[in-house]
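As a plain string of letters, each chain reads:
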Amino acid sequence: MQETLKDMPAHEFKKAGQMVIDWIAAYRDEIESYAVLPQVEPGWLYESFSKKPPENAGSMEQIFEKFVNVIMPGVTHWNHPKFLAYFSISSSGPAVLAELLTAALNVNGMLWKTCPALTELEKITLDWLRQMIGMPESFWGIVYDTASTSTFHAIAAARQEISPQNIREKGMYGGKRLILYTSDQAHSSVEKAAIALGLGLENVRKIKTDDKYRLRADLLRENIRRDRKNGQLPFCVVATVGTTSTTSIDPIPDIAAICREENLWLHVDAAYGGSAAIVPEYQNVLEGCEEADSLVMNPHKWLFVPIDFSAFYTRKPAILKEAFSLIPEYLRTLEDHRVENLMDYGMQLGRRFRALKLWFVLQYFGRQGIINRIRNAIEMAQDLANKIDQHPDFEKMAPTPFSTICFRAHPHGLNDTEKLNRLNKELLQTINEKGEYFISHTRLNEEYVIRIAVGNIQTDQHHLNHLWNNLQKTLSKLY
Ligand SMILES: Cc1ncc(COP(=O)(O)O)c(C=O)c1O
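The structure reproduced in this document is the subject of the present report.

1. Regarding the packing of aromatic side chains
Inspection of every chain in the model, using the stated rule, returns 22 aromatic pairs. When the centroid spacing of 5.2 Å and the interplanar angle of 75 degrees are considered together, the rings of W23 and F67 count as edge-to-face. With W23 in helix α1 (residues 10–29) and F67 in helix α3 (residues 60–71), the pair connects residues that are 44 residues apart, well separated along the chain. We classify W23 as buried; its relative accessible area is 19%. An aromatic cluster of at least three residues, connected via ring pairs, comprises W23, Y27, Y34, F64 and F67. Looking at R451, its charged tip hangs above the ring of F87, at a distance of 5.1 Å from the centre.

Written out as structure tokens, the structure is:
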């Protein structure tokens, strides 16, 4: 690199940029030549680099060479078509290019004035997405980094709405205990929000679920009544469309009715399941959500947008603003009375231009292209679920409402839970150890369950057929 006090010169940027883009194109094209899971031991990267920061300038060729040869071997390939663990989270070409532009522009959308295009594109894209998932016009949207952050803001807004002793000013001090309800299958982000907001884990009621892992509305009602009787203050319910373990769908219409009667804020976590509602025949998965006070869905899970991108909607943006707006003098602008300043609606001040990548994705694939891809993932998963159902030595452990299959090996005559758990653990480890596939597990009622989450943009039928053959062959070797 030339020794100047300025940034990288344009000609060098162009040359290095070409090298990087060429590499990315080849990486995307040849992704199947990589093992999904890196074959490295903990601490391996610490040993590979100097403990001291680089003293002198380096060339892009040298830097890139280290990226390829030292860092890349420790990368887990989330874009790999055989990455079937967790929720898909694959990226797409248009979104990768948009991320490059986002970094190049490096705008901060804390205020409308600090980047009008960011604020307005965020509104436009979230409104397109709202229409695509069939939610009402009254849903106002904002982008946060993750669903965990979205749920945190939902619960903060719910607390603000009820605010028994003006918590914003006086803090969580004295007064009745605020009680939050969710299910025993809800994502841990709900409890984390309770920790961060000072509600306390003791005040989170994890309502039991039914035999299909759906929150039991009758128990929800019972709990609310009991808490009120005990002088506590129920204020919010977090229900889920697409729970993390089994992708079960809570009975939202029933829960919404309870929330209406009891005057509780209803937040729906549709981080994963929300994308399915883009497919017309799956739009009913969000039935009842139009009554929710807020809802989150994550384009970074199943909408081909690279992490991070969480879409948060609420019918009550004024309450969210009431909870979070705090404007120092130096952030006041002449336009304030005419615009929405996104910093007013959350914890963060600075804001990346995330909407650009969603805008690229929506335009590049179009609604139809997205419908076709999500529908295809669901169909492939349902096909595999049927094969599992029909096999005498495997069984499904939960329904498959979307594209995630929960199952286990259950050879004829083997009925001891501990032995079954051990066998399935070994089956999963054997598949993952080879590095070719990455699948995950969960526990349901003490039973070890294997999970396959389909949804990666590059996964096709032959990958799933191959995995299914692999599972059967591995089982026959293990048992
Ligand atoms: C249902 C559900 N909600 C929330 C989350 C948290 O997502 P994030 O990583 O965006 O915070 C997950 C993660 O998988 C999830 O499955």
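This is not the end of the story, as more comes after the structure.
2. Considering the sheet that holds strand β2 (residues 178–183)
Taken in spatial order, the seven strands make up an open sheet running β1-β7-β6-β5-β4-β2-β3, and their pairing is mixed. Whereas interior strands pair on both sides, the edge strands pair on one side only; in this sheet they are β1 (140–144) and β3 (204–207). Each neighbouring strand pair of the sheet contributes to a mean axis angle of 20 degrees, computed without reference to strand direction. As paired strands, strand β6 (residues 294–297) and strand β7 (residues 310–314) are joined by four bridges and run antiparallel to one another. The residue of β7 that forms the bridge with S294 is T314. Its contacts with the sheet place helix α10 (residues 252–262) against β4 (233–240) and β5 (265–269), and it is angled at close to 160 degrees to β5.

3. Structural notes on the environment of A239
Its place among the elements puts A239 in strand β4. Here the alpha-carbon distance between A239 and A217, two residues 22 residues apart in the chain, equals 10 Å. With near-sequence residues (within four places) excluded, A239 lies in contact with D250, I252, I255, L266, H267, V268 and D269.

4. Some details on the nonpolar core
In this structure, L266, L286, I452 and L471 are the most contacted members of the largest nonpolar core, which totals 85 residues. No fewer than three residues from each of domain 2 (108–352) and domain 3 (362–478) sit in this core. Here I452 is in contact with L84, L384, S403, T404, I405, F407, I439, L467 and L471, once residues within four sequence places are set aside.

5. Digging into unusual backbone geometry
The residue after I307, namely D308, is reached through a cis peptide bond having omega 10 degrees. With respect to the element layout, D308 can be found in the loop between α11 (299–302) and β7. A positive phi angle is found at Y213, which is not glycine, with a value near 65 degrees. Here Y213 is to be found in the loop between β3 and α9 (217–229). What makes Y213 buried here is its relative accessible area of 9%.

6. A short note on the pattern of salt bridges
Throughout the structure, instances matching the rule amount to 29 salt bridges. A salt bridge links E202 to R177; the shortest N-O distance between them is 3.5 Å. Residue E202 is found in the loop between α8 (188–196) and β3, and its partner R177 is found in the loop between α7 (167–170) and β2; the two are separated by 25 residues along the sequence. A residue is classified by how much of its surface remains accessible, and E202, at 62% relative accessible area, is exposed. The partly exposed category is assigned to R177, whose relative accessible area is 40%. One salt-bridge network, in which partners are shared between bridges, spans E99, D308, R352, R354 and K357.

Basis of the calculations
Residues numbered from 1 in each chain as written. Predicted model: local features only at pLDDT ≥ 70, side-chain atom pairs only at ≥ 80, totals over all residues. Heavy atoms only, no water. Phe/Tyr/Trp six-rings, centres within 6.5 Å; stacked < 30°, edge-to-face > 60°. Helix = DSSP H or I, 4+ residues; strand = E, 2+ residues; numbered from the N terminus. Buried < 20%, exposed > 50% of the residue type's maximum accessible area, 1.4 Å probe, protein only. Lys NZ or Arg CZ within 6 Å of the ring centre and 35° of its normal. Pairing = 2+ DSSP bridges. Axes fitted to C-alpha atoms, helices over the stretch in contact; angles between N-to-C directions. Contact = heavy atoms within 4.5 Å. Core = buried A, V, L, I, M, F, W, Y, C linked by side-chain atoms within 4.5 Å. Domains from an automatic or database assignment. Salt bridge = Lys/Arg side-chain N within 4 Å of Asp/Glu carboxyl O.

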